[in-house]
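Structural description and commentary
Here is what each chain is made of, one letter per residue.
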Amino acid sequence: MRSELYIDGKWTAASDGKTFEVVNPATEEVIHRISAATAKDVDSAVKAARRAFDRDGWPKLTGAQRARYLRAIAAGIRARQAEIARLEVLDNGKPLPEADWDIADAAGCFDFYAGLAEQLDNDPEEAIALADDRFTSKAVREPIGVAGAIIPWNYPLLMASWKVAPALAAGCTVVLKPAEVTSLTALELAAIADEIGLPPGVLNIVPGAGSVAGQAIIDHSQVDKLAFTGSGPVGSKIMAAAARDIKRVSLELGGKSPFVVFDDADIEKAVEWILFGIFWNQGQVCSATSRVLVQDGIYGALLKRLIEEANKIRIGDGLDEGVLLGPLVSKRQYEQVVAAIDAANSAGATVACGGTRPEGFDRGYYLRPTVLTDVPLDSAAWVEEIFGPVVCVRPFKTEEEAVALANDTRFGLAAAVMSRDDTRAERVAKAFRAGIVWINCSQPTFTEAPWGGYKESGIGRELGRWGLNNYLETKQITKYMSEDPWGWYIK
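Residues numbered from 1 in each chain as written. Predicted model: local features only at pLDDT ≥ 70, side-chain atom pairs only at ≥ 80, totals over all residues. Heavy atoms only, no water.

We now examine the UniProt feature "domain: Aldehyde dehydrogenase" (unreviewed entry) in the chain. In this structure's numbering, the residues bearing the UniProt feature "domain: Aldehyde dehydrogenase" (unreviewed entry) are residues 11-477. From the first C-alpha to the last, residues 11-477 spans 41 Å; its make-up is 42% helix and 20% strand. (UniProt positions renumbered as here; feature names shortened; annotations may be inferred. Helix = DSSP H or I, 4+ residues; strand = E, 2+ residues; numbered from the N terminus.)

Put into structure tokens, the structure is as follows:
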């Protein structure tokens, strides 16, 4: 396990020598210590990225040349996939099969953006038709510059890949701050970049506290672009800070996503997708479909089956075979989720199942999968993101009511609908005010498709060609064709 910062192609301790603990959420044991970047360290990282962009020629490489580095990183991830997935479990707590899937997706992300980098070489400059034929004009796309990326702890390496891969493909250089509680695999990404010979300064990784290292990235005048995934309140602060220098910003924030199930849906299939939509990764997913709306004709039967299946989910250490629900990522997160359940109960909600620590688990941040019913519409449990294995279920009568309830939120990241009636499902999907909509499923995510939300769920889109565009600027180049220097304004 790596323990130092990665700045300008070198491993280095924090400038003040301070470190922070790495805690295994399954056992609450300290398993490692990592250097905690200071503002001085971030300044060094930004200056290295600035030099790599302005003087050392990273953006001047062809897309095909950058693609070779990206594919080498993808190959490096795959070569160590089992090892990195195990580190992800030790750091985050998720079950090993989920971690293995995430690491494979991270490698695929680098491969995908390698392909888009190559396409940039064939992306023609767009000729612009002008009303005045004495001029020619064209639009070209260029990398923004130095990107500061701040990522969350729920998908540590995958979220790093979502930002680093398109930024490098576009020709940007990067300063990445992983979440303090899950920094291990980001440092392994740095090790792979170092091993494949990525030029110094192109990728810099500075673990540390958000209030220190994160704030230093946000405030640095030489950072051109901020890319953040995390909570709404922090995203709002980043947006406000970026306004001072008019930095480019993309924000992927929280959600309180609805899942509407009509009474013609197959109950068993609906239950399976509801379980996947809220208990995958312990519910620590920004797009988790945490508000389930079930048409009253099947509400009772579906709720009964949902509770039965939720109680069957095997809980335990993510490294144990057959475990489907690991611990929450940290003591703080565990306490926040438990407090949210207690507040919901006090507000009048019924804890239909779960809500407590499972028997036999005296250590580790474990929580039984929780189903809440009778949740008041104005309660925090229905309105706010809990970010844990907690789902709110309520009945509805009509399609119009379901859509109104689904859209009655300040968030708009994701939504899902389940029905055998394709026409109705498509109609409801279009009525949702959300950036990601699933029909007859919940949570499948593809590198090729745009990811991002409406309203307070963020600004911009990641993944696909939209993710690459986050790191590109458009430049107009206009040329005067006449030999008369004074005649351009006289016709």
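After that view of the structure, there is still more to cover.
Mapped onto this numbering, the UniProt entry annotates "active site" (unreviewed entry) at Glu-252. Structurally, Glu-252 is set in strand β11 (residues 248-252). According to the relative accessible area criterion, Glu-252 is buried, its value standing at 3%. In contact with Glu-252, other than residues within four places in its own chain, are Phe-228, Thr-229, Gly-230, Cys-286, Leu-413, Trp-451, Ser-457 and Glu-462. (Buried < 20%, exposed > 50% of the residue type's maximum accessible area, 1.4 Å probe, protein only. Contact = heavy atoms within 4.5 Å.)

This paragraph deals with the packing of helix α9 (residues 267-279) against helix α10 (residues 299-312). At a closest axis distance of 10 Å, the pairing of α9 and α10 adopts a crossing angle of 50 degrees. What the angle tells us is that α9 and α10 run oblique. Crossing of α9 against α10: the hand is right-handed. The segment α9 lies against α10, with Ile-267, Glu-268, Ala-270, Val-271, Ile-274, Leu-275 and Phe-279 engaging Ala-301, Leu-302, Arg-305, Leu-306, Glu-309 and Ala-310. Taken together, the residues that form the contact of α9 with α10 break down as 10 nonpolar, no polar and 3 charged. (Axes fitted to C-alpha atoms, helices over the stretch in contact; angles between N-to-C directions. Parallel < 35°, antiparallel > 145°, perpendicular 65-115°, else oblique. Left-handed = near helix turned anticlockwise from the far one by under 90°. Nonpolar A, V, L, I, M, F, W, Y, C, P; charged D, E, K, R; others polar.)

To continue, consider the pairing of β11. By the criterion of burial, β11 is predominantly enclosed, with 4 of the 5 residues buried. Sheet topology note: the strand β10 (residues 225-229)/β11 ladder contains 5 bridges and is parallel. In the strand pairing of β11, Thr-229 is matched with Glu-252. Relative to strand β21 (residues 458-459), β11 runs antiparallel, the two sharing 2 bridges. Paired with Leu-251 across the two strands is Ile-459, which belongs to β21. (Pairing = 2+ DSSP bridges.)

What follows concerns the side chain of Thr-289. Here Thr-289 shows up in the loop between α9 and β13 (291-295). Within the structure, the side chain of Thr-289 is placed 2.9 Å from the side chain of Ser-442, a separation counted as a polar contact. With near-sequence residues (within four places) excluded, Thr-289 lies in contact with Ser-257, Pro-258, Phe-259, Gly-277, Ile-278, Val-391, Ala-416, Trp-438, Ser-442 and Gln-443. (Polar contact = N/O pair within 3.5 Å; in protein donor to acceptor, adjacent residues only side chain to side chain.)

Bringing the pattern of salt bridges into the picture now. For the structure shown, the criterion picks out 30 salt bridges. Note that Asp-43 is salt-bridged to Lys-47, the shortest N-O span being 3.0 Å. Of this pair, Asp-43 and Lys-47 both sit in helix α1 (residues 39-54), 4 residues apart, roughly one helical turn. For Asp-43, a relative accessible area of 25% puts it in the partly exposed group. Accessibility expressed as a relative area gives 43% for Lys-47, which makes it partly exposed. Connected through shared salt-bridge partners, Glu-268, Lys-304, Arg-305, Glu-308, Glu-309 and Lys-312 make up one network. (Salt bridge = Lys/Arg side-chain N within 4 Å of Asp/Glu carboxyl O.)

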